[in-house]
Amino acid sequence: MAEASEAGSGGVAARPLPDLDDPILQGFWEHTAKHELVVQQCESCGAIVWPPRPGCPTCLSSSMTWMKVAGTGSLFSWTVIHHAALPYFTSKTPYTVGIIELPGVPVRMIGDVRVAEGTELSVGMPMTVGFETVADCTLPYWEPSDAGR
Amino acid sequence: MNANDRAAIVGVGMTEFSKSSGRSVEQLALEAAQLACADAGITPTEIDGIVPFPLGPSAEDMMAGLGLPDVRFTAVSHMGGASSVSSLGLAALAVQEGYADCVLVFIARNGSSGARIADRVSSLPGQRFRKNLEHPFGFSTPAQWYSMWAQRHMQLYGTTREQLGAVALTMRENAQRNPHAQMYGKTLTMEQYLAGRPIAEPYLLFDCCIETDGAGAVLVTSAERARDLRQTAVSIAAVTEGHADSPDDIANRRDFFNVGLTKAAPRAFEAAGLKPSDMDLAMIYDCFTFEVIQQLEEAGFCARGEGGAFVQDGSIAAGGSLPVNPHGGLLSEGHIAGMNHIIEAVVQLRGGAGDRQVADAHAAAVTGWGDMGDGSLAILTA
């Protein structure tokens, strides 16, 4: 698992980062580097697959590709984490992780949810994706669609 | 896996539960096995089948440590915490088919002083996307995964913190009648529950089960053999397992609250020829408070969305219509992956639970829960 220190962290625990060489997920990160959010799609039957897998669970084809999605979604559920198990996150608590439901595709993504302190979250809240570069990868994050950006 | 009353639990044994056992897991396992043999009135050398928990000491550790002359059946269930219950099914299958005459099912862990849950889960399914799509966002433990269910249930059905707290308080209250429980002598009020430090909201400290150093073992034989032994035989009427769609990812389940138990429970009741309302008590795998509500709903003890009210109205308390975990559960007795729930069910069905005894206990349902909601259900009768 590739790891790198966030700029300015001065030697504290490194953030766990994705393995950019993972063959199944490589395409996802190539798209996030271009600030595009994609989901996996089967080239044979068109089924949308999330999380990405070696092949299609519907038709068993191994020809998989990526389909761009709009980058908006609605908040399906969330948790505010106060007790971090991964060392890097100990200094980030409390932080929010959510499940964001994408419209038009049967996909729900786990994601880093950024909200201003005091914002009340609710099921169905519209969310918009953002991208941040950390070391050599670009990670998506989510924030309320009405947050001024 | 359906035993149809041809297999029985004939002996049970547990070490003490503590924060620090001061001994190895192998030693704990050997002690529990010997206690189970003494309970059954057999010598350990009669054991000719072993089903160990997927984490911890192995079957070979027991063969060597107990000096077993000829073990002819071993198997391991890989369902995380659900393995204790599903292991009963493997043991029942073995004795029914004559692969073994006396099967040892056991678990031993130093879960408090040794590897804690955050370390244990690195062997769970779905590691590729756990590491790449979850860990970068700081999402990595069962408390964090399962809190998503609790949050949505509260939003959709109005389940309240106080209802989650009712589960914690019921378990703690039950533990006050159980000297073996780690929380014996340590009461919990609703104020204390609500003031518990947040872990992964909505989960607070007392929504989470404790960690334990300890071991538990049960012995399974055929019903015929059981009749010759000293304890009232507890019949394994049915054991089933089930896996949610998909088994390694919670977020994308179309029916979000469905878990392995949703499939396993109806199969078990049908195999046993019984209904949820026939159960005199229920042992529910209480890794977290909300999971008790979820499993009561998914197993059919109450309707989806009504579990909050069900746990708050006294139904699950001692003396209620469906006493849950009279021993205090994982939340208050201790966490040996539900082997203690099987053992308590056996003690209750034998009529040996003293001031914890559920009146007229003849049928008990025992759930298993593991990983991302794999499930198992055993129906035990006496």
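Residues numbered from 1 in each chain as written. Chains lettered and ligands numbered in written order. Predicted model: local features only at pLDDT ≥ 70, side-chain atom pairs only at ≥ 80, totals over all residues.

> Account for the overall build of chain B, naming residues and giving values.
The helix and strand inventory of chain B stands at 14 helices and 11 strands. Since a compact globule built from 382 residues should have a radius of gyration of about 21 Å, the 19 Å found for chain B is in line with a globular shape. For chain B, with 382 residues in total, the buried portion stands at 62%. Of the contacts made within chain B by residues no fewer than 6 positions apart, 76% connect residues no fewer than 24 positions apart. (Helix = DSSP H or I, 4+ residues; strand = E, 2+ residues; numbered from the N terminus. Rg over C-alpha atoms; globule rule 2.2 N^0.38 Å. Buried ≥ 20, exposed ≤ 12 C-beta atoms within 10 Å, placed from the backbone. Contact = placed C-beta atoms within 7 Å.)

> So what's going on with the nonpolar core? Residues and values would help.
Ala33, Val103, Phe106, Val220, Ala364 and Leu380 of chain B are the most contacted members of the largest nonpolar core, which totals 161 residues. No other element matches the 9 residues that helix α1 (residues 25–40) of chain B contributes to this core. (Core = buried A, V, L, I, M, F, W, Y, C linked by C-beta atoms within 7 Å.)

> Describe the environment of Thr170 of chain B, and please don't skip the residues or the numbers.
Residue and element names in this part refer to chain B. Looking at the secondary structure, you find Thr170 in helix α7 (residues 161–175). Along the sequence, Thr170 and Gly314 sit 144 residues apart, while their C-alpha atoms lie 8.9 Å from each other. Setting aside residues no more than four positions away along its own chain, Thr170 makes contact with Ile316, Ala317 and Val324.

> Which residues make up helix α3 (residues 83–97) of chain B, and what are the values?
All names here are of chain B. The first and last C-alpha atoms of α3 sit 21 Å apart over 15 residues, in line with the 21 Å expected at 1.5 Å per residue. With 13 of its 15 residues buried, α3 lies for the most part within the structure. After α3 finishes, the residue Gly98 shows a positive phi value of roughly 80°. (Expected span 1.5 Å × (residues − 1).)

> Run through the environment of Ala166 of chain B, naming residues and quoting values.
Residues and elements named next belong to chain B. Structurally, Ala166 is set in helix α7. Residue classification places Ala166 among the buried positions, given that 25 C-beta atoms sit within 10 Å. Among residues more than four places away in sequence, those in contact with Ala166 are Val311 and Gln312.

> I'd love a proper account of the interface of chain A and chain B, names of residues and values included.
Of the residues lining the interface, 35 residues belong to chain A; the matching set on chain B comes to 29 residues. Every element with two or more residues in the side of chain A that touches chain B is listed here: β2 (15–16), β6 (72–81), β7 (95–102) and β8 (107–113) of chain A. In terms of residue count, the dominant contributor to the side of chain A that touches chain B is β6 of chain A (6 residues). Looking at the side of chain A that touches chain B residue by residue, the classes come out as 24 nonpolar, 5 polar and 6 charged. When β6 of chain A meets strand β5 (residues 198–201) of chain B, the two strands line up antiparallel, connected through 2 bridges. Residue Ile81 of chain A lies in a different strand from β5 of chain B, and its bridge partner there is Ala200 of chain B. (Nonpolar A, V, L, I, M, F, W, Y, C, P; charged D, E, K, R; others polar. Pairing = 2+ DSSP bridges.)

> Residues and numbers for the pairing of strand β1 (residues 7–14) of chain B, please.
Residues and elements named next belong to chain B. When you tally the buried positions in β1, you get 8 out of 8 residues, the bulk of the element. Across 7 bridges, β1 lies against strand β7 (residues 213–222) in antiparallel orientation. Across the sheet, the residue bridging to Ala8 is Thr221, located in β7. Pairing between β1 and strand β8 (residues 234–242): 2 bridges, direction antiparallel.

> Explain the sheet that holds strand β4 (residues 48–49) of chain A residue by residue, including any values.
All names here are of chain A. Spatial strand order, β4-β3-β5: 3 strands in an open sheet with antiparallel pairing. Each having just a single partner strand, β4 and β5 (64–68) make up the two edges of the open sheet. Pairing of strand β3 (residues 38–42) with β5 involves 5 bridges; the strand directions are antiparallel. Residue pairing in the sheet places Gln41 in a bridge with Thr65 of β5.

> Would you mind going over the domain arrangement of chain A in detail, with residue names and values included?
Residue and element names in this part refer to chain A. Taken as a whole, chain A is organised into domain 1 (23–68) and domain 2 (71–149). Using C-alpha coordinates to define each centre, domain 1 is positioned 21 Å away from domain 2. Facing the 8 residues of domain 1 at the interface are 10 residues of domain 2. (Domains from an automatic or database assignment.)

> Before we move on, can you summarise the sheet that holds β1 of chain B with the specific residues and values?
Residue and element names in this part refer to chain B. With mixed pairing, 9 strands are arranged side by side in an open sheet as β3-β2-β4-β7-β1-β8-β11-β10-β9. Strands at the two margins of the open sheet, each flanked by one partner only, are β3 (73–74) and β9 (281–283). In terms of strand pairing, strand β4 (residues 102–110) meets β7 through 9 bridges, oriented antiparallel. For Val103, the partnering residue across the bridge sits in β7 and is Val220.

> Explain α7 of chain B to me, using residue names and the numbers behind them.
Residue and element names in this part refer to chain B. For α7, which comprises 15 residues, the first-to-last C-alpha distance of 21 Å matches the rise-based estimate of 21 Å (1.5 Å per residue) to within 8%. Here α7 lies mainly inside the structure; 12 of its 15 residues are buried. Taken as a whole, α7 has its buried residues at Gln163, Leu164, Gly165, Ala166, Val167, Ala168, Leu169, Thr170, Met171, Arg172, Asn174 and Ala175. Taken together, the buried residues of α7 touch α6 (142–157), α8 (190–194), α11 (289–298), α12 (307–312) and α13 (329–332).

> Outline the packing of α6 of chain B against α11 of chain B, listing residues and values.
Residues and elements named next belong to chain B. Two elements in contact, α6 and α11, have axes separated by 10 Å at closest approach and are oriented at 65°. On the basis of their axis angle, the class for α6 and α11 is roughly perpendicular. In this structure, α6 meets α11 at a crossing whose hand is left-handed. Between α6 and α11, the contacting residues are Tyr146, Trp149, Ala150 and His153 on the first element and Phe290, Glu291 and Gln294 on the second. Classifying every residue of the contact of α6 with α11 gives 4 nonpolar, 2 polar and 1 charged. (Axes fitted to C-alpha atoms, helices over the stretch in contact; angles between N-to-C directions. Parallel < 35°, antiparallel > 145°, perpendicular 65-115°, else oblique. Left-handed = near helix turned anticlockwise from the far one by under 90°.)

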